Amino acid sequence: MSFFSSNRERRLWIWTAVVVAAIYSTLGLARTLTDRLGNDFFSVWLFLLGCILVLLTVVTQGLRVRPGGAEIAVALGVAAAYLLIIVRMSAPTERSHLVEYGVVAVFIHEALRERASQGRRVPVPAVLAIVVASLVGAIDEWIQKLIPGRVFDPVDILFNVLAAVMAVGASVALRRARRWGSSLVGPAMGPHDPP
């Protein structure tokens, strides 16, 4: 018996590892990049790139079928909530946490959902994904404590948790809207479709 329940689950865990490795690999470079490129570059262009990455992640993982009216309404609500939170965040690093750990949480959530859909036991995939993504974010902060010029910041851990909750919550809301919309016009999604 393979550790992974399917090729899709394996690919999702690989993508999760790639994103986490990318986050961790920049820990020593972040200060240097900010000094060289300036805060304007980080706060505008890299953040826009990150938003595109989150959008692509949500689109490729959450919207695999043509969206219905309920799903579009939920997607617009999620986008509005993200926009309101982003506008209120003053520091580019806060915004980067929202992007980075949102992507990590979505990949973990999708991998756990895939595992559950293949008949493996996964208790509450959404909650488990938030916990695992938050732990990855806490490890990020502990690593920063060991790097000269970096600081351990418990507030950043809270931003990582917020990012995970928002991303997984958006994913679950989109999936439920899809199910609700499909129940109005046809049969339900399937017997093994965990949240």
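In the block above lies the structure referred to throughout.
None of these values were measured; they are calculated from a predicted model.

1. A word on the overall build of the chain
Stage number 1. Of the regular secondary structure elements, the chain holds six helices and zero strands.
Stage number 2. The helix and strand sequence of the chain, counted from the amino end, reads α-α-α-α-α-α.
Stage number 3. Sorting the 195 residues of the chain into buried and exposed places 39% on the buried side.
Stage number 4. Surface exposure of the chain reaches about 11,000 Å², of which carbon and sulfur atoms provide 71%.

2. Overview of the environment of Phe 4
Stage number 1. Inspection of the secondary structure assignment puts Phe 4 in the segment before α1 (7-25).
Stage number 2. The exposure class assigned to Phe 4 is partly exposed, which follows from its relative accessible area of 25%.
Stage number 3. Spatially, the C-alpha atoms of Phe 4 and Glu 114 are 9.6 Å apart, while their sequence positions differ by 110 residues.
Stage number 4. Apart from residues lying up to four places away in sequence, Phe 4 is in contact with Glu 9, Arg 10, Trp 13, Arg 115 and Arg 120.

3. A closer look at the pattern of salt bridges
Stage number 1. This structure, assessed with the given rule, holds five salt bridges.
Stage number 2. When the shortest N-O distance is used, the salt bridge between Arg 8 and Glu 114 registers 3.2 Å. Taken together, the residues span a long stretch of sequence, with Arg 8 in helix α1 and Glu 114 in helix α4 (residues 92-117) at a distance of 106 residues. You'll find Arg 8 and Glu 114 in the same group, each marked buried.
Stage number 3. Of the charged contacts in the structure, one is a salt bridge between Arg 113 and Glu 110, with a shortest N-O distance of 3.6 Å. Highlighted residues: Arg 113 and Glu 110, both in helix α4, separated by three residues, approximately one helical turn.
Stage number 4. Judged by relative accessible area, Arg 113 falls into the buried class, the value being 9%.
Stage number 5. One salt-bridge network, held together by shared partners, links Arg 8, Glu 110, Arg 113, Glu 114 and Arg 175.

4. Some remarks on the nonpolar core
Stage number 1. Residues Val 19, Tyr 101, Val 104, Ala 105, Ile 108, Ala 133 and Val 168 are the most contacted members of the largest nonpolar core, which totals 27 residues.
Stage number 2. Counting residues per element, the ones that place at least two in this core are α1, α4, α5 (125-146) and α6 (154-185).
Stage number 3. Counting residues per element, this core draws most heavily on α4, at eleven residues.
Stage number 4. Residues in contact with Val 104, not counting those within four places in the same chain, are Val 19, Val 20, Ile 23 and Ala 133.

5. What about the packing of aromatic side chains?
Stage number 1. By the definition in use, this model includes two aromatic pairs.
Stage number 2. Relative to Phe 4, the ring of Phe 3 has its centre 5.2 Å away and its plane inclined at 80 degrees; by these criteria the two rings are edge-to-face.
Stage number 3. Residue classification places Phe 3 among the exposed positions, given a relative accessible area of 60%.
Stage number 4. Their ring planes at 40 degrees and their centres at 4.7 Å tell us that Trp 142 and Phe 152 sit as a pair that is tilted. Of this pair, Trp 142 sits in helix α5 while Phe 152 sits in the loop between α5 and α6; the two residues are ten residues apart in sequence, bridging distant segments of the chain.
Stage number 5. Assessed through its relative accessible area of 47%, Trp 142 is described here as partly exposed.
Stage number 6. The ring of Phe 3 carries Arg 115 above its face, with NZ or CZ at 5.0 Å from the centroid.
Stage number 7. Over the face of the ring belonging to Phe 152 we find Lys 145, whose NZ or CZ atom lies 5.7 Å from the ring centre.

6. Considering α5
Stage number 1. With 22 residues, α5 should reach 32 Å at 1.5 Å per residue; the first-to-last C-alpha distance of 32 Å fits that figure.
Stage number 2. By the burial criterion, the buried members of α5 are Pro 125, Ala 126, Ala 129, Ile 130, Ala 133, Ser 134, Val 136, Gly 137, Ala 138, Asp 140, Glu 141 and Gln 144.

7. Let's talk about α1
Stage number 1. Its 19 residues give α1 an end-to-end C-alpha distance of 27 Å, which sits within 8% of 27 Å, the value for a rise of 1.5 Å per residue.
Stage number 2. Those residues of α1 not exposed but buried are Arg 8, Glu 9, Leu 12, Thr 16, Val 19, Val 20 and Ile 23. Buried positions in α1, seen along its axis, are confined to an arc of 110 degrees and lie on one side of it.

Criteria and cut-off values
- Residues numbered from 1 in each chain as written.
- Predicted model: local features only at pLDDT ≥ 70, side-chain atom pairs only at ≥ 80, totals over all residues.
- Heavy atoms only, no water.
- Helix = DSSP H or I, 4+ residues; strand = E, 2+ residues; numbered from the N terminus.
- Buried < 20%, exposed > 50% of the residue type's maximum accessible area, 1.4 Å probe, protein only.
- Areas by Shrake-Rupley, 256 points an atom, 1.4 Å probe, with all protein chains shown as cover.
- Contact = heavy atoms within 4.5 Å.
- Salt bridge = Lys/Arg side-chain N within 4 Å of Asp/Glu carboxyl O.
- Core = buried A, V, L, I, M, F, W, Y, C linked by side-chain atoms within 4.5 Å.
- Phe/Tyr/Trp six-rings, centres within 6.5 Å; stacked < 30°, edge-to-face > 60°.
- Lys NZ or Arg CZ within 6 Å of the ring centre and 35° of its normal.
- Expected span 1.5 Å × (residues − 1).
- Arc of directions from axis to C-beta.

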